[in-house]
Each structure stands twice: as structure tokens, then as C-alpha cells.
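Take a look at the letters that make up each chain.
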Amino acid sequence: MPLQTFDIPVLASDLHWTPDGRALVYLGRGAFAGVASVWRQSLDGTAPGPIVEFKPDSVYGFAYSRDGRQLALSREA
């Protein structure tokens, strides 16, 4: 039995836990012409939302630094 479930309102890929383990972070294609952004879904049930957007460019990959304080991105310019 799952402990928590939630709907992800975008096409999601490349899911990662945040360094503190309190949320999932993923590449999501939202309403802006299918542009991929980095989204965050907190496990406390708050609504998901983009944390990094480069309209009209897409983010193709991301990773947290070892200390969890920075986010490295690969994007199309």
C-alpha cells in the first residue's frame, strides 16, 4: 500500500529526490509549447510547479551539487 500518492500534471521524466528527501524533482513539459523545465513536487501535498524555466528553451538534464545547494542544468540555447 502506498504511503503517499499525487498526480503529476505534466509529462515527467528524469525523476530525482531532492537532497533533503522532501520532494521529487523532474523534467516536465508544461503548458508552454511543450518546453521542458525542472519541476518540484513536494511530498507534503502542495501543488507541483516549475522551479527552473528558460522560455522558450528546454532543459535536457539536471543534477544537484553534492551539498544540495546548487543545481546544474543542461539546456538548449
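Criteria and cut-off values
Residues numbered from 1 in each chain as written. Predicted model: local features only at pLDDT ≥ 70, side-chain atom pairs only at ≥ 80, totals over all residues. Heavy atoms only, no water. Pairing = 2+ DSSP bridges. Helix = DSSP H or I, 4+ residues; strand = E, 2+ residues; numbered from the N terminus. Axes fitted to C-alpha atoms, helices over the stretch in contact; angles between N-to-C directions. Contact = heavy atoms within 4.5 Å. Core = buried A, V, L, I, M, F, W, Y, C linked by side-chain atoms within 4.5 Å. Buried < 20%, exposed > 50% of the residue type's maximum accessible area, 1.4 Å probe, protein only.

Asker: What is the right way to read the sheet that holds strand E4 (residues 49–52) from this model?
Answerer: Through backbone hydrogen bonds, the strands of a sheet pair up, either in parallel or in antiparallel fashion. Strand order in this open sheet of 4 strands is E1-E2-E3-E4, and the pairing throughout is antiparallel. The open sheet has two free edges, formed respectively by strand E1 (11–17) and E4, since each of these has just one partner strand. With direction set aside, neighbouring strand axes in the sheet form an average angle of 40°. Bridge analysis of strand E2 (residues 23–29) against strand E3 (residues 36–42) gives 7 bridges, and the strand direction is antiparallel. By the bridge assignment, Arg29 is partnered in E3 with Ala36.

Asker: Looking at this structure, I do not really get the environment of Tyr60. What am I missing?
Answerer: Examined against the element boundaries, Tyr60 turns out to sit in strand E5 (residues 59–64). Residues Tyr60 and Glu76, spaced 16 residues apart in sequence, show a C-alpha to C-alpha distance of 7.4 Å. Setting aside chain neighbours within four positions, we find Tyr60 in contact with Leu27, Ser74, Arg75 and Glu76.

Asker: Mind showing me how you'd approach the side chain of Ser37 here?
Answerer: Counting through the fold element by element, Ser37 comes out in strand E3. Aside from chain neighbours lying at most four places away, what touches Ser37 is Tyr26, Leu27, Gly28, Pro50, Val52, Glu53 and Val59.

Asker: Is there a simple way to explain the nonpolar core in this structure?
Answerer: Taken as a class, soluble globular proteins show a tendency for nonpolar side chains to be buried jointly. Core analysis: the biggest nonpolar cluster contains 6 residues, these being Val25, Leu27, Val38, Val52, Val59 and Phe62. Listed by contribution, the elements that provide at least two residues to this core are E2 and E5.

Asker: Just to check I follow, could you spell out the pairing of strand E6 (residues 71–75) for this structure?
Answerer: Two faces belong to every sheet, and in a regular strand the side chains alternate between them. Alignment of E5 against E6, held across 5 bridges, turns out to be antiparallel. Paired with Ala63 across the bridge in E6 is Ala72. The antiparallel hairpin formed by E5 and E6 contains 6 residues in its connecting segment, where Gly68 sits at a positive phi of about 75°.

Asker: Hey, could you run me through the side chain of Thr18 in this one?
Answerer: Along the chain, Thr18 turns up in the loop between E1 and E2. Exposure remark for Thr18: the relative accessible area of 7% places this residue in the buried category. Apart from residues no more than four positions distant in its own chain, Thr18 is found in contact with Ala23, Val25, Arg40 and Tyr64.

Scope: geometric values only; no functional claims are made or implied.
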